[in-house]
Amino acid sequence: MWVNLTPLNNCFVYIDHLSSAGRNAGRHFYGYISGIISRTFFVLFLLFFSLCAGAQLVVNEFSQGPSGFPGYSEYIELVVTQPATCTSSTVDLRGWVVDDHNGWFGIISQSRAVGHLRFANHANWANVPSGSIIVIYYHSFRNPKLPPNDPTDANGDGVYIVPYNSFYIESNDTDPPNPGPAPTTYAGYPYVAGSSYFGNVLGLADAGDAILLLSPANLTVPSFSILYGAGIVSTTPMLPTVTLGVAVGTGRNAYLLDGQFSNAGSWAVGTVPAGETPGVANTAANLAWIQSLRTIP
């Protein structure tokens with residue numbers, strides 16, 4: 001008796017019993033292997049569930065732009081963090097909200113931006129590959145370090161460079177209001193695609209602010225949030241994913257050193273433009289993490 005173990009989608013195997021004389025032995029062997037696979041699959045399922053239960057989209061870097069540069073030359077860089085698996089290697093980002101609103105954490109000493117952004121209900125965002133990098137920026141004062149626009153990842157490098165006025169981005173310029181209650185539900189409000197209005201919708205305050213990412217599956221709790229500002233901490237039961245505890249003002253950027261996005265020690269504040277890396281990994285460790293998200297184990 002001999003068996004042929006054949007890979008299936010790089011994830012599973014099936015057993016082909018080719019010898020009729022060895023069928024009985026093959027059944028015993030199959031039962032033994034099935035037991036091992038079942039137990040292994042259960043463990044892998046628990047691991048997969050724990051990974052997918054966390055954030056699917058996180059901030060990897062944000063920049064206030066160079067000192068003395070006119071207007072809002074900011075950008076926010078995101079990474080799709082759901083690991084590629086045998087059954088799924090993409091994430092649906094349609095309807096995900098991007099906002100800067102530290103009022104979620106009871107902060108009243110800094111300005112609260114009016115309005116927010118979300119990924120449009122467009123096929124472009126229906127199946128975004130795991131490990132993709134997405135950079136959103138203000139088109140009227142383009143940061144000099146930004147790569148050429150590529151809102152659809154047309155070149156297939158896993159990087160989306162998306163200007164704010166792209167029709168792949170929608171904006172609402174009234175919710176949340178300033179001043180106003182927080183948190184907000186981000187539900188039932190009108191949106192405009194390709195808007196040119198930016199200033200208050202997604203303008204990061206120098207002394208302190210928060211960036212929030214919310215899944216349309218639950219618009220009442222951020223899937224990921226980062227709070228920054230000297231001595232600023234949450235004063236509500238709602239806690240950010242990570243608190244930097246330092247200001248990130250004009251001429252500064254903050255970036256993730258590796259893949260431990262919820263660990264404040266894994267974040268660094270740099271000087272612009274030398275420390276900016278929009279559209280590419282921030283460090284070798286950050287690159288390794290992003291590549292691991294793109295690889296089926």
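Just above, that's the structure.
Please read all numbers here as calculations on a predicted model, not as lab measurements.

Draft legend 1. Examining the overall build of the chain more closely. Looking only at helices and strands, the chain has two helices and 17 strands in total. Within the span of the chain, comprising 297 residues, buried residues form 48% of the whole. Looking at the chain as shown, the accessible area adds up to about 13,700 Å², and 59% of this sits on carbon and sulfur atoms.

Draft legend 2. Here's a closer look at the pattern of salt bridges. The tally for this structure, following the rule as stated, stands at two salt bridges. Asp92 is the salt-bridge partner of Arg94, the closest N and O atoms lying 2.7 Å from each other. Assessed through its relative accessible area of 31%, Arg94 is described here as partly exposed. Linking Arg118 and Glu170 is a salt bridge whose minimum nitrogen-to-oxygen distance equals 2.6 Å. A residue pair is termed long-range when its members are at least 10 positions apart, and Arg118 in strand β7 (residues 116–119) and Glu170 in strand β11 (residues 169–172) qualify at 52 residues. Of the residues examined, Arg118 reaches a relative accessible area of 26% and is grouped as partly exposed. Overall, the relative accessible area of 14% leaves Glu170 in the buried class.

Draft legend 3. Representation of the sheet that holds β11. An order of β12-β11-β7-β6-β13-β14-β15 is seen for the seven strands of this open sheet, with the pairing classed as mixed. The strands lining the two open edges of the sheet, one partner per strand, are β12 (192–193) and β15 (242–243). As paired elements, strand β14 (residues 224–229) and β15 share two bridges and run parallel to each other. Bridge assignment links Ile226 to a residue of β15, and that residue is Val242.

Draft legend 4. Layout of the environment of Ser130. Assignment of secondary structure puts Ser130 in the loop between β8 (128–129) and β9 (133–137). Look at Ser130 and you get buried, because its relative accessible area is 5%. Discounting residues that sit within four places of it in the chain, Ser130 has contacts with Val80, Gln82, Pro83, Ala84, Ser89, Thr90, Leu293 and Arg294. At 2.7 Å, the side chain of Ser130 and the backbone oxygen of Gln82 are in polar contact.

Draft legend 5. Structural detail: the environment of Pro163. Along the polypeptide, Pro163 turns up in strand β10 (residues 159–163). Not counting residues within four places of it along the chain, the set of residues in contact with Pro163 comprises Tyr137, His139, Asn149 and Ile169.

Conventions used here
- Residues numbered from 1 in each chain as written.
- Predicted model: local features only at pLDDT ≥ 70, side-chain atom pairs only at ≥ 80, totals over all residues.
- Heavy atoms only, no water.
- Helix = DSSP H or I, 4+ residues; strand = E, 2+ residues; numbered from the N terminus.
- Buried < 20%, exposed > 50% of the residue type's maximum accessible area, 1.4 Å probe, protein only.
- Areas by Shrake-Rupley, 256 points an atom, 1.4 Å probe, with all protein chains shown as cover.
- Salt bridge = Lys/Arg side-chain N within 4 Å of Asp/Glu carboxyl O.
- Pairing = 2+ DSSP bridges.
- Contact = heavy atoms within 4.5 Å.
- Polar contact = N/O pair within 3.5 Å; in protein donor to acceptor, adjacent residues only side chain to side chain.

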